[in-house]
Amino acid sequence: ARDVSHVEHGQRRGDGEAEEIVVELVLELLGGCGAGRTSGGDRGIGGRGLNIGLESRGAHEPDLGDGTYILYNGKRLSLDLLQSIDELYRVQESAGFGQNDRVVFCELGAGYGRLADVVLSAMPNAVYMIFDLPESLLLSQNYLTARHPEAAAALYPASAESLAEPRKAGARLIFGLPHEMRAVKSGQVDAFINVYSFMEMNREQIDTYFTIIDGLQ
C-alpha cells in the first residue's frame with residue numbers, strides 16, 4: 001500500500017471518489033516521472049526533456065475557477081491539472097521536443113484551456129493555438145489571458161491575420177473557430193491535440209478534420 005499521509009484534502013466540492021482519483025494520480029505521476037528523474041533535487045514532477053516541477057516551476061491549481069482541489073506539500077492540485085501534466089508528457093515523449101523549444105501546439109476543442117495553461121507555464125517559448133466553438137472560445141480566452149497576462153494573445157475574431165504563420169505572429173496564444181484551421185500553412189504546427197471532442201463527432205466529421213490535420217504537416 002502507498003503512503004498518502006502527506007496528502008491533505010482541500011475544498012470538498014467534489015465527491016470522495018474524485019478526490020481519491022486525484023491522490024492516486026499524484027502518486028502515479030510522482031512515482032513515474034518524479035523525484036528520481038528530475039535534476040537539481042526538485043521534488044516535483046519532471047523528467048524526459050521537461051521539468052514541470054510542483055515546486056520549482058510553481059505548477060498548481062489556481063484560485064481562478066474556484067474548483068475542487070487537494071493539497072500536496074502545500075500545493076493545490078486538481079484532477080484537471082494532473083491530467084494536463086500527464087498529457088503534456090505523453091506529447092513530449094512522442095514528439096521529442098525540449099522545454100525551451102519554440103513548439104507550436106494546435107488543439108481542437110480545448111475546453112476552458114487546462115492543457116494550454118500547463119504548456120504556457122512549463123514551456124516559456126511555446127505557442128498555443130486553440131480552435132473551438134464560439135462559446136468555448138469565450139471561456140478559454142478569458143481563462144488563459146487571466147492566467148497568463150504576460151503572454152501576447154491573438155483573440156478571435158481579430159486573430160484571423162495570425163493564423164497562417166503562428167511562428168511569426170508574435171503571439172503565444174492564438175484563438176480561432178474550427179473551420180479556420182484551414183488557414184494555417186503547412187509546416188507551422190508541431191503538435192496537434194484533441195482530447196475528447198472527436199468522440200462527439202460522426203465519422204465524416206472526423207475524416208474531414210484528419211484531412212485538415214494532414215495538411216498541417
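Remember, it's a predicted structure, so these values are computed and weren't measured experimentally.

Undergrad: Just checking my understanding: could you explain the packing of helix H2 (residues 79–95) against helix H3 (residues 114–122) for this structure?
TA: It is at 9 Å that the axes of H2 and H3 come closest, and there the two elements cross at 65 degrees. The two elements H2 and H3 meet at a crossing, and its hand is right-handed. Packed against H2, whose contacting residues are Asp-80, Leu-81, Gln-83, Ser-84, Ile-85, Glu-87 and Leu-88, the element H3 presents Arg-114, Leu-115, Val-118, Val-119 and Ala-122 at the interface. Considered class by class, the residues forming the contact of H2 with H3 number 7 nonpolar, 2 polar and 3 charged.

Undergrad: Sorry if this is basic, but what is going on with the packing of aromatic side chains here?
TA: One pair of aromatic rings is described through two measures. These are the centre distance and the angle between the planes. Enumeration over the complete set of coordinates arrives at 5 aromatic pairs. Between the aromatic rings of Phe-97 and Phe-105, the centroid separation amounts to 5.6 Å while the plane-to-plane angle is 80 degrees, which identifies the pairing as edge-to-face. Ring plane angle 15 degrees and centroid distance 5.6 Å describe the contact between Phe-105 and Tyr-128, whose orientation is recorded as stacked. Here the residue Phe-105 occupies a position in strand S6 (residues 104–108), and Tyr-128 occupies one in strand S7 (residues 127–131), the gap between them amounting to 23 residues. Assessed through its relative accessible area of 0%, Phe-105 is described here as buried. Feature note: the residues Phe-97, Phe-105 and Tyr-128 constitute an aromatic cluster, connected by ring pairs.

Undergrad: It is not clear to me how empty space enclosed by the protein should be interpreted in this structure. Could you clarify?
TA: Evaluated as defined, the whole model comprises 2 cavities of 30 Å³ or more. Taken as a whole, the largest cavity holds about 60 Å³ of empty space. Around the largest cavity, the lining residues are Glu-61, Pro-62, Ser-78, Asp-80, Leu-81, Ser-84, Tyr-112, Arg-114, Asp-117, Val-118 and Tyr-143. Taken together, the elements giving at least two residues each to the lining of the largest cavity come down to H2 and H3. Taken together, the residues of the lining of the largest cavity break down into 5 nonpolar, 2 polar and 4 charged.

Conventions we followed
Residues numbered from 1 in each chain as written. Predicted model: local features only at pLDDT ≥ 70, side-chain atom pairs only at ≥ 80, totals over all residues. Heavy atoms only, no water. Axes fitted to C-alpha atoms, helices over the stretch in contact; angles between N-to-C directions. Helix = DSSP H or I, 4+ residues; strand = E, 2+ residues; numbered from the N terminus. Left-handed = near helix turned anticlockwise from the far one by under 90°. Contact = heavy atoms within 4.5 Å. Nonpolar A, V, L, I, M, F, W, Y, C, P; charged D, E, K, R; others polar. Phe/Tyr/Trp six-rings, centres within 6.5 Å; stacked < 30°, edge-to-face > 60°. Buried < 20%, exposed > 50% of the residue type's maximum accessible area, 1.4 Å probe, protein only. 1 Å grid on protein atoms, 1.4 Å probe; cavity = no way out; pocket = protein on both sides within 12 Å on 5 of 7 lines; lining within 4 Å. Points joined across faces, edges and corners; volume = space filled by probe spheres on them.

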